[in-house]
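# Structural description and commentary
Each chain, letter by letter, is given below.
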Amino acid sequence: MNLPGRIAIMGGGSWATALAKIVLSTQDSINWYMRKQESIEEFKQLKHNPNYLASVRFDTSKINFYSDINEAIEQSDTLIFATPSPFFKQHLEKVTTPLHHKFVISAIKGLVPEENMLITDYFAQRYEVPEENIAILGGPCHAEEIAFERLSYITLGCINNEHLNAVSNVFRNQYLKNSYSNDVVGIEYAAVLKNVYSIVAGIYHGMKYGDNFQAVFICDAIEEMRRFVAAVHPVERDITASAYLGDLLVTAYSRFSRNRIFGTMIGKGYSVKTAQIEMEMIAEGYYGAKCIHEINEKYQVEMPILDAVYQILYERKSPFSITRKLTETFK
């Protein structure tokens, strides 16, 4: 496998747009799959994504657009998937082109809903992509700061070090640095959990809890993450590394965090449904909370924060009573 080869961005959202900006800073051209042809036509006319990160300008002569997902796959060697996890399965249902000989990179921070599967497992089991041909992009990194070219760091995860080395330069420029990890499973689960915990951080923010309290909350959240990830994938790891703690911090504190915004609305008294409607964006932690809750029925890890947010989001219990009880468990 000659990596990276021809690279395709699979998705049309803000993270996909940020990744396209990154890849075009290191490569001569990209393929780009977007579901709606009308979005592609508008993009070509405006020279920017009409729906996301409009400040990022593109030289569209360097972009081959596709609204047919199979055609995009056929014309590419490395596929970077950056779609919201709730719609991931729906997008892939249209795929008939074999993926087993492609190099797949998941930039998706979630699980496959209803299946409760990691994205990498889904590619491996349903599309027969060899595990050594699957990589992940871990945080901490927000699309909006990539748009502003603010210094950022990502973690590339893959079990094959040669493949990591081969694609690393694609994601390295004057404003982006990267590191490597073989802990694909751990980083994927951490990316799901940090969204869940960021909802809780937002709830507390909406309830006017201050920075002193949030610091204690984050300490308990990272410890809960450590317990769960150690149970589902017991390998040696440093939970304080940027792919785990760093990603949690940026998602829990940043004004760009959709999960924090969603939680803040709930903390201010919005119902879950109303907050979802008014945001007009996907808070992936909402789906992640249910997936992890169901997965943990098998592992029985002590997870009071996860249990609390699940009760708020899915059992419609009062965020005020639940989160105030939760504070008694923090140290």
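Preceding this paragraph is the structure being described.
Just so it is clear, the model here is predicted, and its values are computed rather than measured.

### Description of the overall build of the chain
Summing up its helical and strand segments, the chain has 15 helices and 10 strands in all. Against the 2.2 N^0.38 benchmark of 20 Å for 331 residues, the chain shows a C-alpha radius of gyration of 19 Å, consistent with a compact globule. Here the C-alpha coordinates of the chain stretch approximately 55 × 40 × 35 Å along the principal axes. Sorting the 331 residues of the chain into buried and exposed places 58% on the buried side. When contacts within the chain are restricted to residue pairs at least 6 apart in sequence, long-range pairs at least 24 apart make up 70% of them. Total accessible area on the chain is roughly 14,400 Å²; 46% of this is exposed by carbon and sulfur atoms. Charge centroids of the chain, computed over 33 positive and 38 negative side chains, lie 6 Å from each other.

### What to know about the pattern of salt bridges
Tallying each qualifying case throughout the model produces 12 salt bridges. In this structure, R6 and D77 form a salt bridge, with 3.3 Å as the shortest nitrogen-oxygen distance. One end of the pair, R6, is in the segment before β1 (7-10); the other, D77, is in the loop between α3 (69-74) and β4 (78-81), and 71 residues separate them in sequence. Residue D77 is classed as partly exposed on the basis of its relative accessible area of 28%. Between E115 and R126 there is a salt bridge, and its shortest N-O distance comes to 3.0 Å. Of the two residues, E115 is situated in the loop between β6 (111-112) and β7 (117-118) and R126 in helix α5 (residues 119-126); the sequence distance between them amounts to 11 residues. Residue classification places E115 among the partly exposed positions, given a relative accessible area of 24%. Among the charged side chains, a salt-bridge network with shared partners connects K89, E115 and R126.

### With respect to the packing of helix α4 (residues 85-92) against α5
At a minimum axis distance of 12 Å, the contact between α4 and α5 shows a crossing angle of 15 degrees. On the basis of the axis angle, α4 is roughly parallel to α5. Pair α4 / α5 crosses with right-handed handedness. When α4 is examined against α5, the residues F88, K89 and L92 are found in contact with a partner set consisting of I119, Y122 and F123. Across the contact of α4 with α5, the residue classes break down as 5 nonpolar, no polar and 1 charged.

### Digging into the pairing of strand β3 (residues 63-66)
Here 4 bridges tie strand β2 (residues 30-33) to β3, and the two strands are oriented parallel to one another. The residue of β3 that forms the bridge with W32 is F65. With respect to chirality, the unit in which β2 leads through helix α2 (residues 37-46) into the neighbouring parallel β3 is right-handed.

### Side note on the packing of helix α9 (residues 211-232) against helix α14 (residues 304-314)
Running from N to C, α9 and α14 cross one another at 100 degrees; their axes reach a closest spacing of 9 Å. One way to sum up the angle between α9 and α14 is to call them roughly perpendicular. For the pair α9 and α14, contact is made by F217, D220, A221, E224 and R227 and by P304, I305 and L306, respectively. Looking at the contact of α9 with α14, its residues break down into 5 nonpolar, no polar and 3 charged.

### Considering α2
Within the sequence span of α2, burial applies to S39, I40 and F43. Looking down the long axis of α2, one finds its buried residues gathered within 100 degrees of arc, a one-sided arrangement. Summarising the geometry of α2, the exposed residues directed more than 90 degrees from the buried face are E38 and Q45. Packing partners of the buried residues in α2 comprise β2 and β3. Remark: K47 follows α2 within two positions and exhibits a positive phi of approximately 70 degrees.

Calculation criteria
Residues numbered from 1 in each chain as written. Predicted model: local features only at pLDDT ≥ 70, side-chain atom pairs only at ≥ 80, totals over all residues. Heavy atoms only, no water. Helix = DSSP H or I, 4+ residues; strand = E, 2+ residues; numbered from the N terminus. Rg over C-alpha atoms; globule rule 2.2 N^0.38 Å. Buried < 20%, exposed > 50% of the residue type's maximum accessible area, 1.4 Å probe, protein only. Contact = heavy atoms within 4.5 Å. Areas by Shrake-Rupley, 256 points an atom, 1.4 Å probe, with all protein chains shown as cover. Lys, Arg positive; Asp, Glu negative; His and termini not counted. Charge placed at Lys NZ, Arg CZ, Asp CG, Glu CD. Salt bridge = Lys/Arg side-chain N within 4 Å of Asp/Glu carboxyl O. Axes fitted to C-alpha atoms, helices over the stretch in contact; angles between N-to-C directions. Parallel < 35°, antiparallel > 145°, perpendicular 65-115°, else oblique. Left-handed = near helix turned anticlockwise from the far one by under 90°. Nonpolar A, V, L, I, M, F, W, Y, C, P; charged D, E, K, R; others polar. Pairing = 2+ DSSP bridges. Right-handed = clockwise from strand over helix to strand, strands pointing away. Arc of directions from axis to C-beta.

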